[in-house]
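# Close look at the chain arrangement
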Amino acid sequence: MLELDGVSLSFGGVRAVNNLSFEIPDGQITALIGPNGAGKTSILNVISRFYTPQHGRVTFDGKDLLQLPPSEIIDVGIARSFQNVALFKDLSVVDNLKIGTDHRSSAGLFSNMFRLPRAVKHERDARREAEEVLEFLDIEAIAERRSGTLSYGHQKLVDLGRALVSRPKLLLLDEPAAGTSEGLKAWLATKIKEIPERFGCAVLLIDHDMLLVLGVSQKVVVVDFGSKIAQGTPDEIRQDRRVIAAYLGEES
Amino acid sequence: MTLFFQLIVSGLGFGAVYALGAISLTVIFNTSNVVNFASASLSSAVALLMWLALVRLHLSVVLAWLFALVAAMVIGAVVEAAFLRRVERSSLIVQIVMTLGLLVAIEGLDGALYGFNPKTLPHVIHGPSIAIGSVFLDRNDAFILGLTLVLTLVLYLVYQRTRLGLALRAVASDRDVASLMGIQTQRMVSLSWAIGVLLAGVSAILIAPSISLTPTFMENVAVFAFAAAVLGGFGSLPGALVGGLLIGVMSNLISGYLSNNLQLTFVFLMILLVLYIRPNGLFGKRVMSRQ
Amino acid sequence: MMPNPLSRLRKGHMARRGGLAVGFLAFALAPIFVGSNVTTMGILTEAVIYALVVVSLNLLVGFAGLVSIGQAGFLAVGAYAAGYSANHLHLALPLELLLSGILAGLVGFILGLPSGRLRGHYLVIITLGFGLAVPQIALEATDITNGFTGLSISNTQFGPIVMNSPRAMYYFAFVVVAISMMLILLALASKSGRAIMAVRDSEAAALAMGIPVARTKVIVFTLSAFFCGIAGDLFAHFEGLVTPADFTLALSLFFLAAVIVGGLGSVGGSIVGALVLVYVQTRSASVGGYSEFIIGAAVVVVLMLFPEGLASIPALLGRRLHLTRGVAELPGPDAVEPGEVSSIIAGADPGEHQGGVNA
């Protein structure tokens, strides 16, 4: 469904992404892995349209994403989480989640101000859908808390929930478990595994935690220095010498 | 055509004052990343202290200047240490509102201490205007212009040629890195506030004789100084100088040909237009941001 | 059936609604306690009008994170529009109010256009220039504004009702302000309000959630100016005379101070802030001319106590008096014992890969 074709991105002479091509299949969890600074988040930011690549094409269901502004990416069905959680910190958890549903409402300022029927209906739907996701992530208890006051682990969950509640066709997760406790990491892994079936979407998971990635994904793309160095099933990746070399070379 | 050139020349005095104000804003902004919206009240306070020294305490001109300039630097350093440092790590809104709160508080304090009745400061230089061909340059304006150019040059040389200037520039480009290099960044920020208020204070003392001296008299001047800094791209000293002179000349042309009341309106429309077309100012560098 | 934990947490909303109802009643009944004292009635009317201005400014500063110091300019547009329509167009009062709001909103729209692309301080400079330019334009555009002398409005009339007593004037202002505040609160508690606050908190996340950041900022500017214009209309009827000297930078800064003292992002706080500052202003004589200093110092003190921004003196007092609930730490997934965890990552051999690959 999502296809990157020969994408290159540089920042003033520094190549962040180099002639990268890969495809994300429908209804599966695809993982994008690589050492720190390999360009993973840059790739995600290209798909989100925060960065415009100098070369290459990005298509989603045959649609050219590079023609769209960042604020319309969610409308084609791509939602994302952020590596360093970018919550709306002074809003409650449930309001953060409601924002995930807001792009679907056609109610404008006037309708909202005068509570016209479509605004009322959207508020009701938004609340219900937010509650469903809160329940899925087991965070109903913090629904009314100001999200900026939450623990980091909770914030990561809200960030994930906000993307999930938008009912995307493709969910982009940027290190959803980074910086959280081992217990939460494991719990998150089960939840992420459930996502494709329960929410009917594909997932692109970025992480450098091999354990998490290989455990939940069906397809793995390995990048280093902005280039793809391997691609395959988790089992194939586990055997790949270049992957092991890249990781050991980078991190030892 | 003579009128046109005359308007240009007689706009230079005010232009130089706006330039000094813009340079003051730039010096402070570069190290502390704060746009000093309290500038108008701080510079008014310095001019009022000058009035206190000269008119009330009957100090000699030299002593009065010395007193005012030292007071300006102390005020700058104290304002930074006591108030701005407290919100150093706060959001932009909080920093902006802090300087606005100081603006109101200091003007209010001066109002309570000196009253709002206009006071007069004498011109620094007296004498007949200087003839340049068919146009005339007011002697006091010439002095203001000359002093501004000298001050800008000195400041520029300090920034470019001395160790202190290097330290100030290092803090301006990246505070954390500067700190790692062993530069006492906090002291540099204090110093830049001291220099900034000094320059703004000088501009207020120079312009006060031409307009009435009150606790709020610099507000309108400050707007032109902000406009000049915006034109100059908020960061470069030469940009601020050119921006100030440009605004001075332009507003004088507007008041000469259109209306005295609409100077500010046209300058406002101009900066609105400039910022709409170039969000980083006329001479500003494009900053590439990575999210 | 299990009790829904969400219903328990809706109590906060109930408390807020209760506060609103109490405030509404207090303002509605105030004239009864004030009696027929003309001065006090006038101060109260001014406070009600200013409360709407402060709330409209809080939309920009507190809810959208856009600092404006030109709010008196929008007030002026509304006031002159009122004066002009009352003298020349003879519109019915509701239409006149709407027109004043729309005109001010239009000006706000134009002023807000660059706001999507500008860094914060540039916006402050633009609003500063705007606020100072409006009275100058008013001085020049004598055909509409009557220049220095000002525009006078003889009487305020709605159908057969002529509002010729201070009390009638108060209730007129009160009703208009109450309706405006209601609309603002409804907008804030909807998709529109969430979008505004989302842009304030994280532009990147707002974009990713489909919120057009630049357009949202322009909308807030328009909305803020619209309600400020309505307040300007009330101001014109209340004062009876509109002159360029009414709309100073000091007034704009006064509104900003009320926003800060009442709390960024709090409608109720802004109302309190407006009351406090009108009070301090009217007490100017008894504080020896220090009222302006007190107002400025209050802002500085609030920011020094709460450098993180979103708190206020009323909130602090509330906390001292235990009026606001303490936020208890709730158990969350961090505390959840990983049950069926190991089976998830069954495919991977933890020992082998964790050590080598993810050191």
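Values in this document were obtained by computation on a predicted structure and should not be read as measured data.

Counting secondary structure elements, chain C contains 17 helices and four strands. Relative to its 359 residues, chain C shows a buried fraction of 52%. Across chain C, every contact between residues at least 6 apart in sequence was considered, and the portion connecting residues at least 24 apart equals 77%.

Moving on, we get to the overall build of chain A. A tally of regular secondary structure across chain A gives ten helices and ten strands. For a compact globule of 252 residues, the expected C-alpha radius of gyration is about 18 Å, and chain A comes in at 19 Å, within 12% of that figure. Summarising its shape, the C-alpha atoms of chain A cover approximately 60 × 40 × 35 Å along the three principal directions.

This brings us to the domain arrangement of chain A. All names here are of chain A. Once the domains are mapped, chain A shows domain 1 (1–77 + 168–252) and domain 2 (89–167). Facing the twelve residues of domain 1 at the interface are ten residues of domain 2. At the level of secondary structure, the elements contributing two or more residues to the side of domain 1 that touches domain 2 comprise helix 2 (73–76), strand 7 (170–174) and helix 7 (182–199). The element best represented in the side of domain 1 that touches domain 2 is helix 7, accounting for three residues. Looking at the side of domain 1 that touches domain 2, its residues break down into seven nonpolar, three polar and two charged.

This next bit is on the environment of V48 of chain C. All names here are of chain C. Positionally, V48 belongs in helix 3 (residues 38–63). The class of V48 is buried, set by 27 C-beta atoms lying within 10 Å. As for V48 and Q281, which are separated by 233 residues in sequence, their C-alpha atoms are 15 Å apart. Non-local contacts of V48, meaning those with residues more than four positions away in its chain, are made with F27, A173, F174 and V177.

Turning to unusual backbone geometry, a few remarks are in order. We note that N33 of chain B has phi near 60°; this positive angle belongs to a residue other than glycine. Mapping N33 of chain B onto the fold places it in the loop between helix 1 (2–32) and helix 2 (39–56). The phi torsion at H90 of chain C lies on the positive side, around 50°, for a residue other than glycine.

Residues and elements named next belong to chain C. Interhelical geometry of helix 12 (residues 249–262) versus helix 13 (residues 267–282) gives an angle of 125° and a closest axis separation of 7 Å. Taken as axis vectors, helix 12 and helix 13 run oblique relative to one another. Along this stretch, helix 12 crosses helix 13, giving a crossing that reads as right-handed. Between helix 12 and helix 13, the residues in contact are F254, A257, A258, V259, V261 and G262 and G269, S270, V272, G273, A274, V276 and L277, respectively. Grouping the constituent residues of the contact of helix 12 with helix 13 by class yields nine nonpolar, four polar and no charged.

So, on to the sheet that holds strand 7 of chain A. Residue and element names in this part refer to chain A. Read from one edge of the open sheet, six strands run 6-7-8-3-9-10, paired in mixed fashion. Among the strands making up the open sheet, the edge pair consists of strand 6 (78–80) and strand 10 (227–232). Each adjacent strand pair in this sheet contributes to an overall mean axis angle of 20°, direction not counted. In this sheet, strand 8 (residues 202–206) lies alongside strand 7 in parallel orientation, the contact comprising five bridges. By the bridge assignment, L171 is partnered in strand 8 with V203.

Further remarks concern the sheet that holds strand 4 (residues 55–60) of chain A. Residues and elements named next belong to chain A. Spatially, the four strands line up as an open sheet ordered 2-1-4-5, and their pairing is antiparallel. Of all the strands in the sheet, just strand 2 (14–24) and strand 5 (63–64) have a single pairing partner and so form its edges. In this sheet, strand 2 lies alongside strand 1 (residues 2–11) in antiparallel orientation, the contact comprising seven bridges. Within strand 2, the residue paired with E3 across the bridge is E23. Against the sheet, helix 1 (residues 40–47) makes contact with strand 1, strand 2 and strand 4, and its axis sits at roughly 65° relative to strand 2, the strand it touches most.

Residues V46, M50, V97 and A228 of chain B together with I49, L256 and A257 of chain C are the most contacted members of the largest nonpolar core, which totals 301 residues. Sort the elements by how many residues they give to this core and helix 3 of chain C lands first, with 16 residues. Summarising the domain contributions, this core has at least three residues from each of domain 1 (1–77 + 168–252) and domain 2 (89–167) of chain A. With near-sequence residues (within four places) excluded, M50 of chain B lies in contact with A64, A68, L121 and I205 of chain B.

All names here are of chain A. Most of strand 8 is tucked away: five of the five residues are buried. Bridge analysis of strand 3 (residues 29–33) against strand 8 gives four bridges, and the strand direction is parallel. For A31, the partnering residue across the bridge sits in strand 8 and is L205. The handedness of the strand 7 to strand 8 crossover, carried by helix 7, is right-handed.

Right, let's get into the packing of helix 4 (residues 71–89) of chain C against helix 6 (residues 120–140) of chain C. Residues and elements named next belong to chain C. At a minimum axis separation of 8 Å, helix 4 and helix 6 run at an interaxial angle of 30°. Considering the angle they form, helix 4 stands roughly parallel to helix 6. Residues A72, G73, A76 and Y80 of helix 4 form the contact with helix 6, whose participating residues are F130, G131, V134, P135 and A138. Tallied by class, the residues present in the contact of helix 4 with helix 6 amount to seven nonpolar, two polar and no charged.

Residues and elements named next belong to chain B. Residues of helix 6 (residues 163–173) that are buried: A167, L168, V171 and A172. The buried residues of helix 6 occupy an angular sector of 140° when the element is viewed end-on, so they sit on one face. With respect to the buried face of helix 6, the exposed residues turned more than 90 degrees away are R163 and S173. Structurally, helix 6 contributes buried residues whose contacts are with helix 1, helix 5 (139–161), helix 7 (175–180) and helix 8 (185–207).

Further remarks concern the pairing of strand 4 of chain A. Residue and element names in this part refer to chain A. The pairing of strand 1 with strand 4 spans five bridges and is antiparallel. What sits directly across from E3, in strand 4, is T59. Direction of pairing for strand 4 relative to strand 5: antiparallel, over a ladder of two bridges. Across the sheet, residue F60 finds its bridge partner in strand 5, namely K63. The hairpin turn running from strand 4 into strand 5, its antiparallel successor, is two residues long, and D61 in that turn takes a positive phi close to 50°.

The next subject is helix 14 (residues 291–305) of chain C. Residues and elements named next belong to chain C. Under the 1.5 Å per step criterion, the end-to-end length of helix 14 is 21 Å for 15 residues, consistent within 8% with the ideal 21 Å. With eleven of 15 residues buried, helix 14 is to be regarded as a mostly interior element. Turning to helix 14, its buried residues number three or more, namely S291, E292, F293, I294, I295, G296, A298, V299, V300, V302 and L303.

A few words on the confidence of the model for chain C. All names here are of chain C. When the pLDDT values of chain C are averaged, the result is 82; 82% of them are 70 or greater. Ignoring residues within four places in sequence, the model shows residues 5–9, a span with pLDDT below 50, making seven contacts including any to other chains. For residues 321–359, every residue scores under 50 in pLDDT, and the model assigns this stretch 58 contacts once sequence neighbours within four places are set aside. As scored by the predictor, the complex reaches a pTM of 0.89 and an ipTM of 0.93.

This part takes up the environment of E129 of chain A. All names here are of chain A. With respect to the helices and strands, the residue E129 is situated in helix 5 (residues 117–136). Sequence separation between E129 and K98 is 31 residues, and the spatial gap between their C-alpha atoms is 7.9 Å. The contact partners of E129, leaving out residues within four places of it in the chain, are T101 and V165.

Here we come to the environment of V107 of chain C. All names here are of chain C. By the element assignment, V107 lies in helix 5 (residues 93–112). Overall, the presence of 24 C-beta atoms within 10 Å leaves V107 in the buried class. For the pair V107 and Q281, spaced 174 residues apart in sequence, the C-alpha to C-alpha distance is 29 Å. Sequence-distant contacts of V107, defined by excluding residues within four places in its chain, comprise F74, V77 and A225.

Here is what the cut-offs are and how they apply
Residues numbered from 1 in each chain as written. Chains lettered and ligands numbered in written order. Predicted model: local features only at pLDDT ≥ 70, side-chain atom pairs only at ≥ 80, totals over all residues. Helix = DSSP H or I, 4+ residues; strand = E, 2+ residues; numbered from the N terminus. Buried ≥ 20, exposed ≤ 12 C-beta atoms within 10 Å, placed from the backbone. Contact = placed C-beta atoms within 7 Å. Rg over C-alpha atoms; globule rule 2.2 N^0.38 Å. Domains from an automatic or database assignment. Nonpolar A, V, L, I, M, F, W, Y, C, P; charged D, E, K, R; others polar. Axes fitted to C-alpha atoms, helices over the stretch in contact; angles between N-to-C directions. Parallel < 35°, antiparallel > 145°, perpendicular 65-115°, else oblique. Left-handed = near helix turned anticlockwise from the far one by under 90°. Pairing = 2+ DSSP bridges. Core = buried A, V, L, I, M, F, W, Y, C linked by C-beta atoms within 7 Å. Right-handed = clockwise from strand over helix to strand, strands pointing away. Arc of directions from axis to C-beta. Expected span 1.5 Å × (residues − 1). pLDDT = per-residue confidence, 0-100.

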